[in-house]
Amino acid sequence: MIEKILTKVRDASALEVQFRLGHKTIAKVKSEWLEIDKESLGFSEWEDLKDLCLQNNDKLTLETKGFVRGVYKSSDQQWMFSFTEHKDCLKAYFSVIPNFELSQYIQSPVFWDSLKKTSGLFIVTGQRGQGKSSLLKDIISEIKKDSPKLIAVHGNFSTLSMLNIDSLIHLSEETLTWEAHHPIYDGIDQFVVDFNSIKSWEKWIKLCEEGRSVYLTISGLSVENCLEQIISQIGFQTNLARRFYQVLNSICYQKVIGIKEGAVHEFFVAQPGFKEDLFKMSFADFKKQHEGEAFKKYFQSLNQSIIQALVRRRIDVKSAFATSDAPDDLDTQLKRMGL
């Protein structure tokens, strides 16, 4: 019964599903939660779900701690899951692990060149459940093809934390507060911090200034929103803000449309000639000042990525407008193209 529901979810191209005792099972299809089963989840189905996904040690963890995370593999799909049993709340949440490489949808050579730099800061942003960890996993796997460098990963349980490479070291959340000069970081060339928020900005900027590279995930609504969050933390036109822009390489915002449709991206590559202006003004003002063909090489809007997906017939017009954060602008661009 549970596997049939997961098959329904997959066929609906849903990215998330939630089981809750005493309630109907719901799935998130293109940003909307829909009922995927007509009957409320009973206790026997709840126990069947646990038997399907959890080993004995997982069940013990759930019983003693009240929650457990893991991965469930069906015949043709993998899911990240979390089970919670806390008082009257018995709930399981599943999110699909894309069986495609998210990075394949980023076609810009300029963007990929920014990742080849031996030092500096790279940021992946996006809303919860939009595959930021999976994109970083793809990026690291790609980087490792040409580089034997050691990578240290700070992160919660995710597809990234399951990556098993000899030159990759997984570190605990506790080490996040350790100083940049701590012996645990000796010999590490690249750092990945996958917690969707950053506290010790000076630490990661310092590591970049030492000639190392740092990859971060930050929950956000766009490239501009991500930068606004960072500047609100470290201060506008402070010395730390200037240092931040000096080490910034690129920012990528990702939005997954569906299993079949893939993802779209907004990105910005911070060229040396941009950094003084970035320090002096907001990103919105910066974009206005740098409009033109030269700037388009280093900045791709979400709408531009959506139009590329439309032209390649990955998505239809309805999905395009549902995905866009600026539908009026998208409509104008499509009319100019005769679409």
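Whatever comes next refers back to the structure up there.
In short, a report on the structure. Please read these numbers as outputs of a predicted model, since none were measured by experiment. (Residues numbered from 1 in each chain as written. Predicted model: local features only at pLDDT ≥ 70, side-chain atom pairs only at ≥ 80, totals over all residues. Heavy atoms only, no water.)

All right, on to the environment of Gly 129 then. The topology assignment puts Gly 129 in the loop between β7 (120-126) and α5 (132-146). We classify Gly 129 as partly exposed; its relative accessible area is 40%. Residues Gly 129 and Ile 97, 32 residues apart in the sequence, show an inter-C-alpha distance of 10.0 Å. (Helix = DSSP H or I, 4+ residues; strand = E, 2+ residues; numbered from the N terminus. Buried < 20%, exposed > 50% of the residue type's maximum accessible area, 1.4 Å probe, protein only.)

It is worth spelling out the sheet that holds strand β3 (residues 32-40) at this point. Reading across the sheet, the six strands line up as β3-β2-β1-β6-β5-β4 and stay open at both edges, with antiparallel pairing between neighbours. The strands lining the two open edges of the sheet, one partner per strand, are β3 and β4 (67-73). Neighbour-to-neighbour, the strand axes of this sheet turn through a mean angle of 20°, independent of strand direction. As paired elements, strand β5 (residues 78-86) and strand β6 (residues 89-97) share nine bridges and run antiparallel to each other. Within β6, the position partnered with Gln 78 by the bridge is Ile 97. Helix-sheet contacts for helix α3 (residues 56-65) involve β4 and β5, and the interaxial angle to β4 is about 155°. (Pairing = 2+ DSSP bridges. Axes fitted to C-alpha atoms, helices over the stretch in contact; angles between N-to-C directions. Contact = heavy atoms within 4.5 Å.)

Moving on, we get to helix α14 (residues 327-336). Looking at α14, one finds that the buried residues are Leu 330, Gln 333 and Leu 334. Taken around the axis of α14, the buried residues stretch over an arc of 100°, which confines them to a single face. Along α14, the residues that are exposed and aim more than 90 degrees away from the buried face are Asp 328, Lys 335 and Arg 336. Buried residues along α14 sit against α12 (302-311) and α13 (317-323). Gly 338 sits one or two residues past α14 and shows a positive phi near 75°. (Arc of directions from axis to C-beta.)

Looking now at the pattern of salt bridges. Following the criterion strictly, the structure yields 14 salt bridges and no others. Residues Glu 202 and Arg 243 are paired through a salt bridge, measuring 3.2 Å at the closest nitrogen-oxygen approach. One end of the pair, Glu 202, is in helix α6 (residues 201-209); the other, Arg 243, is in helix α8 (residues 239-247), with 41 residues separating them in the sequence. For Glu 202, a relative accessible area of 48% translates into the label partly exposed. One network of salt bridges, with partners in common, ties together Glu 16, Lys 28 and Arg 128. (Salt bridge = Lys/Arg side-chain N within 4 Å of Asp/Glu carboxyl O.)

The phi torsion at Lys 87 lies on the positive side, around 55°, for a residue other than glycine. Secondary-structure assignment places Lys 87 in the loop between β5 and β6. For Lys 87, a relative accessible area of 74% corresponds to the exposed category. For Arg 313, which is not a glycine, the phi torsion comes out positive at approximately 60°. Mapped onto the fold, Arg 313 is located in the loop between α12 and α13.

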